[in-house]
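Analysis of the macromolecular model
Residues per chain, in single letters:
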Amino acid sequence: MLKGILSKGKLEKLEFILPPLELQEKFAAFVQAVDAQKAKAQKSLEKAEILYKALMQQYFG
């Protein structure tokens, strides 16, 4: 037996609570800022790994 099937009629009856557009835009800006920080942190990590490998090669290579 199939339970929980959503038909078009059931979907049309659903109500969704949407935050105000201003709040949605603030959230989108926050997500973009977080993504930018993540990219910056990733680049810093990659640079640190390169420096670490260079030092290891210099001292133990």
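These figures come from a predicted structure and were not determined experimentally.

A word on the pattern of salt bridges. Counted according to the given criterion, the structure contains two salt bridges. Ionic pairing is found between lysine 26 and glutamate 22, a salt bridge with its closest N-O pair at 3.7 Å. Taken together, the residues lysine 26 and glutamate 22, both in helix 2 (residues 21-60) and four residues apart, mark about one turn of the helix. We classify lysine 26 as exposed; its relative accessible area is 54%. A relative accessible area of 52% means that glutamate 22 is categorised as exposed.

For the rest of this paragraph, the subject is the environment of glutamate 12. Positionally, glutamate 12 belongs in helix 1 (residues 8-13). Measuring from C-alpha to C-alpha, the distance between glutamate 12 and glutamine 42 comes to 44 Å, with 30 residues separating the pair along the chain.

Procedures and definitions
- Residues numbered from 1 in each chain as written.
- Predicted model: local features only at pLDDT ≥ 70, side-chain atom pairs only at ≥ 80, totals over all residues.
- Heavy atoms only, no water.
- Salt bridge = Lys/Arg side-chain N within 4 Å of Asp/Glu carboxyl O.
- Helix = DSSP H or I, 4+ residues; strand = E, 2+ residues; numbered from the N terminus.
- Buried < 20%, exposed > 50% of the residue type's maximum accessible area, 1.4 Å probe, protein only.

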